[in-house]
2 protein chains.
Amino acid sequence: MKSEKSKEILKFPKATFERLKQYHALLTQLEIEQKQRYILSEEIAEMLKITPEQVRKDFSYLKTSGKPKVGYNISELLAELDELFGIKANDNIIIVGAGNLGSALANYKGFQNIGARVVAIFDKDQEKVGKMVGELMVLPLKDIPRVVRRFHVRTVAICVPEDAAQQVADLLVAYGIKAIWNFSTRILDVPNDVIVQNEDITRGLLSIKHMLAESEKRKYENSEV
Amino acid sequence: MKSEKSKEILKFPKATFERLKQYHALLTQLEIEQKQRYILSEEIAEMLKITPEQVRKDFSYLKTSGKPKVGYNISELLAELDELFGIKANDNIIIVGAGNLGSALANYKGFQNIGARVVAIFDKDQEKVGKMVGELMVLPLKDIPRVVRRFHVRTVAICVPEDAAQQVADLLVAYGIKAIWNFSTRILDVPNDVIVQNEDITRGLLSIKHMLAESEKRKYENSEV
DNA sequence: AGAATAACGTGATATTATTCACAACATACT
DNA sequence: AGTATGTTGTGAATAATATCACGTTATTCT
Ligand SMILES: NC(=O)c1ccc[n+]([C@@H]2O[C@H](COP(=O)([O-])OP(=O)(O)OC[C@H]3O[C@@H](n4cnc5c(N)ncnc54)[C@H](O)[C@@H]3O)[C@@H](O)[C@H]2O)c1
Ligand SMILES: NC(=O)c1ccc[n+]([C@@H]2O[C@H](COP(=O)([O-])OP(=O)(O)OC[C@H]3O[C@@H](n4cnc5c(N)ncnc54)[C@H](O)[C@@H]3O)[C@@H](O)[C@H]2O)c1
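The structure displayed is predicted, hence computed values, not measured ones.

Thresholds, definitions, all that
- Residues numbered from 1 in each chain as written.
- Chains lettered and ligands numbered in written order.
- Predicted model: local features only at pLDDT ≥ 70, side-chain atom pairs only at ≥ 80, totals over all residues.
- Heavy atoms only, no water.
- Near = heavy atom within 4 Å.
- Polar contact = N/O pair within 3.5 Å; in protein donor to acceptor, adjacent residues only side chain to side chain.
- Areas by Shrake-Rupley, 256 points an atom, 1.4 Å probe, with all protein chains shown as cover.
- Helix = DSSP H or I, 4+ residues; strand = E, 2+ residues; numbered from the N terminus.
- Contact = heavy atoms within 4.5 Å.
- Patch = residues over 30% accessible without salt bridge, like charges linked within 9 Å, V, L, I, M, F, W, Y side chains within 5 Å.
- Salt bridge = Lys/Arg side-chain N within 4 Å of Asp/Glu carboxyl O.
- Lys, Arg positive; Asp, Glu negative; His and termini not counted.
- Charge placed at Lys NZ, Arg CZ, Asp CG, Glu CD.
- Buried < 20%, exposed > 50% of the residue type's maximum accessible area, 1.4 Å probe, protein only.
- Buried area = accessible area lost by both parts, 1.4 Å probe.
- Domains from an automatic or database assignment.

**Observations regarding the site of ligand 2**
Residue and element names in this part refer to chain B. Taken together, 22 residues form the shell around ligand 2, and within it Leu101, Asp123, Lys128, Val160 and Glu162 come nearest. Between ligand 2 and Lys128, the relevant distance is 2.9 Å, taken from an oxygen atom to a side-chain nitrogen or oxygen of the residue. At a separation of 2.7 Å, an oxygen atom of ligand 2 approaches a polar backbone atom of Val160. Burial of ligand 2 by the protein amounts to 87% of the accessible area it has alone, namely 820 Å².

**Considering the side chain of A:Thr16**
Relative to the helices and strands, A:Thr16 is located in helix H2 (residues 14–33). Among all residues touching A:Thr16, those that are not within four sequence positions of it are A:Asp58 and A:Tyr61.

**Describing a negative patch on the surface**
Where like charges cluster on the molecular surface, the negative patch consists of A:Glu42, A:Glu46, A:Glu53, B:Asp170 and B:Asp189. The exposure class of B:Asp170 is partly exposed, given its relative accessible area of 41%.

**Some details on the interface of chain A and chain B**
With 64 residues of chain A in contact, the opposing surface of chain B contributes 64 residues. Here chain A packs against chain B, burying approximately 5500 Å² in sum over the two surfaces, 66% of which is carbon and sulfur. Ranking the residues of chain A by area buried against chain B places A:Ile187, A:Leu206 and A:Lys209 at the top, with a combined share of 13%. The interface formed by chain A and chain B contains two salt bridges. When the shortest N-O distance is used, the salt bridge between A:Arg154 and B:Glu216 registers 3.9 Å. For the pair chain A and chain B, the number of links is 18 residue pairs in polar contact (both at pLDDT 80 or more). The set of elements that each furnish at least two residues to the side of chain A that touches chain B consists of H2, helix H3 (41–48), strand E3 (91–96), helix H6 (100–107), strand E8 (179–182), strand E9 (195–198) and helix H9 (202–224) of chain A.

**A look at the site of ligand 1**
Around ligand 1 lies a shell of 22 residues, among which A:Asn100, A:Leu101, A:Asp123, A:Val160 and A:Glu162 are the nearest. Two or more chains meet at ligand 1, and those chains are chains A and B. A distance of 3.5 Å separates an oxygen atom of ligand 1 from a polar atom in the backbone of A:Phe183. Side-chain polar atom of B:Tyr108 to an oxygen atom of ligand 1: 3.4 Å apart, as the coordinates give it. When isolated, ligand 1 has an accessible area of 830 Å², and the protein chains bury 87% of it. Elements supplying a minimum of two residues to the shell around ligand 1: H6 and helix H8 (162–174) of chain A together with helix H6 (100–107) of chain B. Top element by residues in the shell around ligand 1 is H8(A). It accounts for three residues.

**Points about the domain arrangement of chain A**
Its domain assignment divides chain A into domain 1 (14–85) and domain 2 (91–203). The distance between the C-alpha centroids of domain 1 of chain A and domain 2 of chain A comes to 32 Å.

Right under this line is the structure:
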């Protein structure tokens, strides 16, 4: 029974995919800690502030299954998620904009843990070209096509000032880039077949501000009633 | 009619809130460009890759309304969103961890646009304490309570290495911090009344990897059939 | 070994979010 | 002024997601 599950391409709801990334982060840290070999849906739920039913439902889309009274095998689950996210297969990426944020990304050692490697960083500013950022030398924009071809780069992190973001995106699209990791706060206009992942950090603060305002309001209401 | 809408606290679906942040970013850039005074739901939808109906439904939760054949007044809509996110009211925030990412955040000029100001940056490393990061001098951790009290800090950005993130969070909770902006990849364990906003950048790359794999698959399938 | 227990897996149900469909209405045109 | 047009605003219908409820099963206890 359930023979389709073996080789079938796993399909799951979008909402589940978002949580799979969280489970992956959590399981990674549990694997590092080595404190336990199994984990209950209840425990995962508590850490991620969701319900155990949600956790079990999400895992029901995976091959890995849990044992009653014991829980899920951390290594097994993590291995399946690693596989699902394609972490074993390395992706070469490049960064455009060697400023504060671009340099931080270039120095970041954690990309290898998720199957990515920064192979080059570019800047328009002649002052910066030739300087080292971590282990990479800053290259001029004209070298982008060469590096993209040589290293089969599909993904680019855009770390340039707001008002340059769109023109850099246009350039990258012209160079055949498949995915843009957009760290600017701008909404980019690109063809539909180009993937855009917005990483506008400031939006997180807007959420915090809103939640703080909500909790203030609740406190006020409680003291009123 | 609809008298409740005037002073009533606006309530909207969580999914709508997420999009309101996108509308805010988009309208901000349109306001800067000054190319047009009005925008149609159709245009917004195209830029954000959603449907015009979705845009109108979302805006139906706001006080601002559009005009048939003309669209929404950009300034008016942006003003309402600014108000809703509490952008006029400044929030003082601090950063813990003056490394690559913490320094990038400390140097970031855009926080004032969303009603936030970085008032201090802290590090455990004695080598870093006393050094300047942008216009701020790096302070030792013991100064956190004083700064938090003096500047009414409710929000802290955690930019320390993975394995220090939880202990820093514990410290901050003990100091009465209300919201944690977590830039580490770790899932933090904090009391329920403390807000945690995870800004794990690496998750964005996992999404990109997944979407790239999907689009590769589609291409393959199309050439097959 | 058999019974009791606690957690999993999942179909059924409830909730939330999106899309549809169309009346209402501002503008442009004749 | 009256008519045509195109877009808004929103209930109703549909779709997606989360929760519930409970049968199943691995483990522990007697
Ligand atoms: N620094 C942060 O913490 C932070 C936070 C949120 C968002 N952002 C966004 O990230 C982006 C980068 O921020 P930053 O703080 O690193 O800025 P930055 O000014 O430090 O760096 C920008 C770099 O881009 C280069 N550049 C300018 N135009 C270019 C072009 N056309 N092509 C290539 N390179 C070009 C500049 O020479 C500079 O080195 C901005 O859009 C910013 O809004 C940054
Ligand atoms: N740099 C990036 O682009 C990037 C990307 C994704 C995630 N992150 C995450 O952000 C965090 C910071 O990254 P980074 O690249 O800035 O690291 P980093 O090593 O450059 O900086 C970390 C800083 O924290 C300080 N520190 C260490 N322990 C501390 C403690 N207990 N209290 C206070 N300060 C302490 C260190 O002295 C150092 O200055 C990490 O968790 C990292 O995984 C960074």
